Amino acid sequence: MIPSPNHPWHLPMRFHGVQRGLNTKRMRFFLDVVEKLNLLVAANGTVLHCEINGAVKMKSFLSGMPELKLGLNDKVMFEATGRNQQARGGKSVELEDIKFHQCVRLARFENDRTISFIPPDGEFDLMTYRLDTQVKPLIWVEAVVEPHKGSRIEYMIKTRSQFKSRSVANNVEISIPVPPDVDSPSFKSSVGNVTYLPDKDCVVWTIKQFHGGREYLMRAHFGLPSITRDEADAANKGMGSGMDMSWKKPIGVKFEIPYFTVSGIQVRYLKIIERSGYQALPWVRYITANGDYQLRMA
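Definitions and cut-offs
Residues numbered from 1 in each chain as written. Predicted model: local features only at pLDDT ≥ 70, side-chain atom pairs only at ≥ 80, totals over all residues. Heavy atoms only, no water. Helix = DSSP H or I, 4+ residues; strand = E, 2+ residues; numbered from the N terminus. Buried < 20%, exposed > 50% of the residue type's maximum accessible area, 1.4 Å probe, protein only. Contact = heavy atoms within 4.5 Å. Areas by Shrake-Rupley, 256 points an atom, 1.4 Å probe, with all protein chains shown as cover. Pairing = 2+ DSSP bridges. Axes fitted to C-alpha atoms, helices over the stretch in contact; angles between N-to-C directions. Core = buried A, V, L, I, M, F, W, Y, C linked by side-chain atoms within 4.5 Å. Phe/Tyr/Trp six-rings, centres within 6.5 Å; stacked < 30°, edge-to-face > 60°. pLDDT = per-residue confidence, 0-100. Salt bridge = Lys/Arg side-chain N within 4 Å of Asp/Glu carboxyl O.

A few words now on the overall build of the chain. Counting its secondary structure elements, the chain contains 2 helices and 19 strands. When burial is assessed residue by residue, the chain has 47% of its 298 residues classed as buried. For the chain, long-range pairs separated by at least 24 residues make up 75% of all intrachain contacts whose partners lie at least 6 apart in sequence. Just so you have it, the chain exposes about 15400 Å², and 48% of that area is on carbon and sulfur atoms.

A word on the sheet that holds strand S16 (residues 215-223). Spatially, 4 strands are ordered S10-S11-S16-S13 in an open sheet, and the strand pairing comes out antiparallel. Across the chains shown, the open sheet's two edge strands, defined by having one partner strand only, are strand S10 (139-148) and strand S13 (183-189). Put simply, the sheet's adjacent strands are angled 15° from each other on average, direction ignored. As paired strands, S13 and S16 are joined by 5 bridges and run antiparallel to one another. Looking at S16, one finds that Lys 188 is bridged to Arg 219.

Here we take up the nonpolar core. Ranked by size, the top nonpolar core spans 71 residues in total, and within it Leu 70, Ile 115, Phe 117, Leu 126, Ile 139 and Tyr 155 carry the most contacts. Residue contacts for Leu 126: discarding those within four places in its chain leaves Val 56, Met 58, Leu 70, Lys 99, Phe 100, His 101, Cys 103, Val 104, Ile 115 and Phe 117.

On to the sheet that holds strand S8 (residues 115-117), then. Judged by pairing direction, the sheet is antiparallel, and its 3 strands sit side by side in the order S8-S4-S18 without closing on themselves. The sheet terminates laterally at S8 and strand S18 (267-273), the two strands that pair on one side only. Direction aside, the axes of adjacent strands within the sheet are offset by 15° on average. Bridge analysis of strand S4 (residues 67-72) against S8 gives 3 bridges, and the strand direction is antiparallel. Residue pairing in the sheet places Lys 69 in a bridge with Ser 116 of S8.

For Asn 171, which is not glycine, the phi dihedral falls at a positive 50°. Take Asn 171: it is sitting in strand S12 (residues 168-177). Despite not being glycine, Tyr 259 has its phi angle at roughly 60°, a positive value. Its relative accessible area of 44% is what places Tyr 259 among the partly exposed residues.

It is worth spelling out the packing of aromatic side chains at this point. Geometrically, a pair of aromatic rings is defined through the distance of the ring centres and the angle of the planes. One pass over the structure, following the stated rule, counts 9 aromatic pairs. Seen in terms of ring centroids, Phe 30 and Phe 61 are 6.2 Å apart; in terms of plane orientation they differ by 85°. Their pairing is edge-to-face. With Phe 30 in strand S2 (residues 27-41) and Phe 61 in strand S3 (residues 47-62), the pair connects residues that are 31 residues apart, well separated along the chain. The exposure class assigned to Phe 30 is buried, which follows from its relative accessible area of 1%. An angle of 50° between the planes, with centres 6.4 Å apart, marks the rings of Phe 163 and Phe 260 as tilted. One end of the pair, Phe 163, is in the loop between strand S11 (152-161) and S12; the other, Phe 260, is in the loop between strand S17 (251-258) and S18, with 97 residues separating them in the sequence.

What follows is about the side chain of Ser 167. By the element assignment, Ser 167 lies in the loop between S11 and S12. Judged by relative accessible area, Ser 167 falls into the buried class, the value being 8%. In contact with Ser 167, not counting residues within four places along its chain, are Phe 210, His 211, Gly 212, Ile 257 and Phe 260.

With respect to the helices, strands and loops of the structure, Lys 248 is situated in the loop between helix H2 (229-236) and S17. As for Lys 248 and Ala 298, which are separated by 50 residues in sequence, their C-alpha atoms are 8.6 Å apart.

Bringing the environment of Asp 181 into the picture now. Looking at where Asp 181 falls in the secondary structure, it is placed in the loop between S12 and S13. The residues contacting Asp 181, other than those within four sequence positions of it, are Gly 223, Leu 224, Pro 225 and Ser 226.

Another point: the confidence of the model for the chain. Here the chain averages 81 in pLDDT, while 74% of its residues score no lower than 70. In the predicted structure, residues 75-91 sits below a pLDDT of 50 and forms 44 contacts with residues beyond four places in sequence or in another chain.

With that settled, consider the pattern of salt bridges. Considering all chains together, one arrives at 9 salt bridges under this definition. In this structure, Glu 51 engages Arg 130 in a salt bridge whose closest nitrogen and oxygen atoms are separated by 3.4 Å. Taken together, the positions of Glu 51 in strand S3 and Arg 130 in strand S9 (residues 122-132) put the pair 79 residues apart, joining distant regions of the chain. Each of the two residues, Glu 51 as well as Arg 130, counts as buried.

Right, let's get into the pairing of S11. By the bridge criterion, 10 bridges tie S10 to S11 in an arrangement that is antiparallel. Counterpart to Val 144 in the pairing with S11 is Met 156. Where S11 lies against S16, 9 bridges are found, and the strand directions are antiparallel. Looking across to S16, one finds that Thr 159 is bridged to Tyr 216.

Following this line, the structure appears as C-alpha cells:
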C-alpha cells in the first residue's frame with residue numbers, strides 16, 4: 001500500500017509552469033518503485049537462489065485526463081515483445097515477466113520504450129517485473145552454534161550490511177532458530193535488542209537502523225536439558241553427536257531500505273501532458289525490502 005503524501009521517503013520531482021488557482025490536491029500523484037529480494041544462501045556461503053520481484057505502484061490525484069509519460073534509465077533491458085533491447089552503453093539488466101496495467105499504451109512502449117498512459121484515479125500497479133540475477137546478500141548473517149558441558153548451548157551471531165554506507169536498512173529483524181527445549185536465555189549484543197520467542201522456537205535480533213558497511217555481533221546462551229555431557233564432548237571434537245538437528249532451519253531476515261533498488265532501475269523522467277498546460281507535482285520513492293530471505297545454518 002502506498003503511504004500517505006506526507007511520508008518522509010517521498011521525493012518530489014519538481015516541474016515548472018504550475019498555474020495558480022488550481023486545486024493543488026488534484027495536481028499530485030505518487031510513484032513507488034518497490035523491489036523485494038528473494039534469497040537462499042547455503043551453509044557454505046554459496047547463493048543458491050536469487051530473485052528480485054519489482055513493482056511500479058502509482059496513486060493518482062490528477063484533474064482531467066492528462067497523459068503521463070514515464071521513462072526508465074537506459075540501463076534497463078525489457079522483454080516486452082519477446083526480443084531484447086540492449087540499453088545504450090554500460091551494463092544492462094534483463095527484466096522478465098513484465099506486466100503492464102491496462103492503461104499503458106503497449107504499441108508506444110514497443111516502439112521507443114516509453115511508458116505512456118492515462119492513469120485512473122486511486123492506487124494501481126503500473127507495471128510489475130521479475131529479475132533473476134546473482135547479487136551479493138544485502139545483509140549477511142553467520143551463526144556458530146556450540147553445545148557445552150553442563151547442558152548448555154551457545155550461539156555466536158555475526159551480521160554485516162553489504163551495501164553502500166550512504167544507505168540504511170530500517171527495522172531489521174534476524175530470526176535465529178533454536179532447539180524447542182532451551183531455557184534460561186541470556187543475550188549480549190553490540191547493537192539492538194534480542195528477544196526469545198518460545199512459541200516460535202527462535203531468537204529475534206532487532207536492529208532499528210542498520211547503516212551500510214557495518215558489522216555487529218550477538219551472543220546468546222541457553223540451558224539445554226536434552227544435551228548430555230557425551231554429546232557436547234563429541235560435538236566440540238568435531239565427531240558429530242546424537243543431538244536432533246531438525247530444529248536447524250534457515251535464518252530469516254526482514255528489512256526495508258529506502259532510496260535504494262537492487263536492480264538499479266531508476267525513473268529518468270516523469271512528464272505530464274495536458275491541454276490546459278498545467279503541470280503537476282509527482283513524488284517518487286524507491287524501496288528495497290526482503291521477500292523470502294533465508295540463510296542456512298552450518
